[in-house]
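# Per-entry structural report
If you want the building blocks of each chain, they are given just below.
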Amino acid sequence: MLRIECPHCGARDEAEFSCGGEAHIARPKEPDKLSDAEWADYLYMRTNPKGILAERWCHTFGCRRWFNIERDTVSHEILRVYAMGEPRRESGT
Amino acid sequence: MKKNKRYSIFSLARNARNYHENWAAAWRSPEPKPSYDAIIVGGGGHGLATAYYLAKQHGITNVALIEKGPIGLGNTGRNTTVIRSNYLWDESAAIYELSLKLYEGLSQELNYNIMLSQRGLVSLAHSQHDLREIERRVNAIRLNGIDSEMLSMAELKQLIPILNLSPNSRYPVIGASIQRRGGTARHDAIAWGYARAADDRGVDILQHTEVTGFRIQGGRVEGVETTRGFIAAPKVGVAVAGHSSVLADMAGFRLPISSHPLQAMVSEPLKPIFNTVLMSAAVHVYLSQSDRGELVMGAGIDKFNSYAQRGSPPILEDILAATVELFPIFSRVKMMRQWGGIVDVCPDASPIVGKTPVSGLYLNCGWGTGGFKSIPGSGFVFAHTIAQDEPHEIAAPFSLERFSTGALIDEHGASGVAH
Ligand SMILES: Cc1cc2nc3c(=O)[nH]c(=O)nc-3n(C[C@H](O)[C@H](O)[C@H](O)COP(=O)(O)OP(=O)(O)OC[C@H]3O[C@@H](n4cnc5c(N)ncnc54)[C@H](O)[C@@H]3O)c2cc1C
Ligand SMILES: [Zn+2]
């Protein structure tokens, strides 16, 4: 069971949250100019590291707000909680 | 080491006389050669079956199968062994039915009892929508020549008397379908049987050997770096399930795969009480009873990415709640063991079997929650793809390119429950 520190409410059990998957996937600025391969990369290809992953979570059964975390996919340790829109750290992922 | 001999009633009797202390090893443990004609990475069912069919169907016997641990302890040894071929789309029907047909002859072919038990697989409907959906599937499946039928409520009651069919339950059961050829098999036997048969044809099974990188020159693979040194081969097939993205990363391309825990558990052994496999998409559990009498149950993935081979308790709670909803009689049964495996989930819930951006490097992954049933068929078409450097026609729709062309094979609804 993960204990996740919601930036707005505090630490709560995983069961209150929904995982939104990989963070920082930016919607293409000029969709008309994308090749099929670029679309595939945006829509389907995923960073799936054995190690630190930046991902989005939503406190669904709480404040219902989204935020980002950095989590180790082997130990499940949560290393950082930060706001949507805040950039990822250079190190790590 | 003694040569691996044919198993029979006579070999059993002979070895019983010696208190079973003189059985020969089922496969050798050779030193790696500097080079092979082909390398398969990953000693789960898919890798082992591929190595076997490379040797048997294509005469390519100078093959190394490289596994970082002991063979068969990844998802192949952790799964709940449900086998079926009742998939909606033609592409899936072709590969899963090929697999089921191969399973039906596999004990004989491998001279290894895989304990295939075609006890029938029942899917429940709990709403009008579910009912129409399973009727549509039954018809689509039959059009592909695969057995599938609707069950009346009376037939369902007769087949599974302990199932809660009360109209007052939280999600009343209103109908069901069945694939009578569906069922279970022994997972370890699939891994060990293919390993023994592949070894017999000359394949070197290299356990405790981890692939740490690929040697790639001018877009062509030349071999693999391992914890036991470099091993050369012009063709390398990768079947590492949950670790597929890690290996793709070593080869320099991206995959549409996320790795998630999938959990399962078994109860204490009970007297025989339940002789089919049952799955419910809406109440979300699937269940069978093993030959030892344990109830085997599972459901969906944990939603977050993980490589930890364990999941979170909320999923277990859901599985148990669903089990008790369908089978109130099991409410006091004790659970014995729980575990997780790391499954490789694709956006369309279909596998990737084929070529990669690196020539000579082939990929077999994305089976996610449901690739035990497909081991023989997948190994068969993947071996062809590697041998011919051209996708087998059954594998062709499952290419990595489908994510650029848009020809996805959406099997999310495949009989509802995830596996
Ligand atoms: C709990 C659970 C229940 C399931 N239930 C069902 C079911 O009822 N029916 C069904 O059809 N499917 C089911 N599945 C799915 C099924 O188990 C898998 O799809 C299937 O076993 C995958 O086989 P595989 O050979 O691809 O992978 P695995 O058996 O996982 O084998 C991959 C191997 O690759 C090795 N490897 C990884 N990295 C390296 C490396 N760098 N170098 C060397 N070796 C490496 C691993 O050690 C592992 O042994 C279930 C899975 C789980 C976890
Ligand atoms: Zn909150």
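Residues numbered from 1 in each chain as written. Chains lettered and ligands numbered in written order. Predicted model: local features only at pLDDT ≥ 70, side-chain atom pairs only at ≥ 80, totals over all residues. Heavy atoms only, no water.

### Some remarks on the sheet that holds strand β18 (residues 352-355) of chain B
Residue and element names in this part refer to chain B. A sheet is described by the order of its strands in space; here 6 strands give the open sequence β8-β2-β1-β12-β19-β18, paired in mixed fashion. The strands lining the two open edges of the sheet, one partner per strand, are β8 (204-206) and β18. Each strand of the sheet is rotated relative to its neighbour by a mean of 15°, with strand direction disregarded. Where strand β12 (residues 236-238) meets strand β19 (residues 361-365), 3 bridges bridge the pair, whose relative direction is parallel. Paired with Val 238 across the bridge in β19 is Leu 363. Against the sheet, helix α9 (residues 375-388) makes contact with β1 (38-41), β12, β18 and β19, and its axis sits at roughly 165° relative to β19, the strand it touches most. (Pairing = 2+ DSSP bridges. Helix = DSSP H or I, 4+ residues; strand = E, 2+ residues; numbered from the N terminus. Axes fitted to C-alpha atoms, helices over the stretch in contact; angles between N-to-C directions. Contact = heavy atoms within 4.5 Å.)

### Quick look at the site of ligand 1
Residues and elements named next belong to chain B. What surrounds ligand 1 is a group of 39 residues, the closest being Glu 67, Asn 75, Thr 76, Thr 80 and Lys 373. Separating an oxygen atom of ligand 1 from a side-chain N or O atom of Glu 67 is a distance of 2.6 Å. In the model, an oxygen atom of ligand 1 is placed 2.8 Å from a nitrogen or oxygen of the Asn 75 main chain. When ligand 1 sits alone it has 1000 Å² of accessible area, and the protein chains cover 97% of it. Of all elements in the fold, only α2 (45-58), β13 (258-269) and β17 (335-345) reach the threshold of two or more residues within the shell around ligand 1. (Near = heavy atom within 4 Å. Polar contact = N/O pair within 3.5 Å; in protein donor to acceptor, adjacent residues only side chain to side chain. Areas by Shrake-Rupley, 256 points an atom, 1.4 Å probe, with all protein chains shown as cover.)

### What to know about the sheet that holds strand β10 (residues 220-226) of chain B
All names here are of chain B. Strand order in this open sheet of 3 strands is β9-β10-β11, and the pairing throughout is antiparallel. Lying at the two open borders of the sheet, with one neighbouring strand each, are β9 (211-217) and β11 (229-232). Each strand axis lies, on average, 30° off the axis of its neighbour in the sheet, ignoring direction. Both β9 and β10 contribute to a ladder of 6 bridges, which runs antiparallel. By the bridge assignment for β10, Phe 214 is matched with Val 224.

### What to know about unusual backbone geometry
Its identity as a non-glycine residue notwithstanding, His76(A) has a phi of 70°, on the positive side. With respect to the helices and strands, His76(A) occurs in the loop between β5 (66-72) and β6 (78-82). On the basis of relative accessibility, which here comes to 9%, the residue His76(A) falls in the buried class. Residues other than glycine seldom take positive phi values, yet Asp389(B) does so here, at roughly 55°. (Buried < 20%, exposed > 50% of the residue type's maximum accessible area, 1.4 Å probe, protein only.)

### Overview of the coordination of the zinc ion (ligand 2)
All names here are of chain A. All of the protein donors around the zinc ion (ligand 2) are Cys 6 (SG), Cys 9 (SG), His 59 (ND1) and Cys 63 (SG); their distances to the metal are 2.0 to 2.3 Å. For the zinc ion (ligand 2), the 4 donor atoms in the first shell make angles of 106 to 119° at the metal, so the coordination geometry reads as tetrahedral. Sequence positions of the residues that donate to the zinc ion (ligand 2) give the spacing C-x2-C-x49-H-x3-C. Within this pair, whereas Cys 6 is found in strand β1 (residues 3-6), its partner Cys 63 is found in the loop between β4 (52-58) and β5, the two being separated by 57 residues in sequence. Looking at Cys 63, the relative accessible area reads 26%, which means it is partly exposed. (Donors = N, O, S within 2.8 Å, 3.2 Å for Na, K, Ca; no water. Tetrahedral: all angles 85-135°; square planar, octahedral: opposite > 155°, others 65-115°.)

### Focus: the state of the cysteines
As used here, a disulfide is simply a covalent bond connecting the sulfur atoms of two cysteines. For the structure on display, the rule yields 0 disulfides over all chains. Not engaged in a disulfide, the cysteine Cys19(A) finds its nearest cysteine sulfur in Cys58(A); these two sulfurs lie 11 Å apart. (Disulfide = S-S within 2.5 Å.)

### Thoughts on the pairing of β5(A)
Residues and elements named next belong to chain A. The buried fraction of β5 amounts to 6 of the 7 residues, a majority that puts the element mostly inside the structure. When β4 meets β5, the two strands line up antiparallel, connected through 7 bridges. Paired with Glu 55 across the strands is Ile 69, a residue of β5. Looking at chain direction, β5 and β6 are connected through 4 bridges and run antiparallel. Bridging across to β6, Glu 70 finds its partner in Arg 80. Once β5 ends, the chain turns through 5 residues before running back antiparallel as β6, passing His 76 with a positive phi of about 70°.

### Notes on empty space enclosed by the protein
Residues and elements named next belong to chain B. Per the counting criterion, the structure on display carries 2 cavities of 30 Å³ or more. Put simply, the second largest cavity is a space of about 40 Å³. The wall of the second largest cavity is formed by Phe 214, Val 238, Leu 247, Ala 248, Ala 251, Phe 253, Thr 356, Leu 361, Tyr 362 and Leu 363. If you list the elements that add at least two residues to the lining of the second largest cavity, you get α7 (244-251) and β19. Split into classes, the residues belonging to the lining of the second largest cavity amount to 9 nonpolar, 1 polar and no charged. (1 Å grid on protein atoms, 1.4 Å probe; cavity = no way out; pocket = protein on both sides within 12 Å on 5 of 7 lines; lining within 4 Å. Points joined across faces, edges and corners; volume = space filled by probe spheres on them. Nonpolar A, V, L, I, M, F, W, Y, C, P; charged D, E, K, R; others polar.)

### Thoughts on the packing of α2(B) against helix α6 (residues 187-200) of chain B
When two helices pack together, their arrangement is given by the angle between their axes and by how far apart the axes lie. All names here are of chain B. Following both chains from N to C, one finds α2 and α6 inclined at 30°, their axes separated by 9 Å at the closest point. One finds that α2 runs roughly parallel with respect to α6. As for the relative orientation of α2 and α6, their crossing is left-handed in sense. Between α2 and α6, the contacting residues are Leu 48, Ala 49, Ala 51, Tyr 52 and Tyr 53 on the first element and Ala 191, Tyr 194, Ala 195, Ala 197 and Ala 198 on the second. Looking at the contact of α2 with α6 residue by residue, the classes come out as 10 nonpolar, no polar and no charged. (Parallel < 35°, antiparallel > 145°, perpendicular 65-115°, else oblique. Left-handed = near helix turned anticlockwise from the far one by under 90°.)

### Topic: the confidence of the model for chain B
Residue and element names in this part refer to chain B. Across chain B, the average pLDDT comes to 95, with 98% of residues at 70 or higher. Considering only residues more than four positions removed or in separate chains, one finds that residues 415-419, a stretch of pLDDT under 50, has 26 contacts. In the predicted complex, the global pTM is 0.96; the interface-specific ipTM is 0.95. (pLDDT = per-residue confidence, 0-100.)

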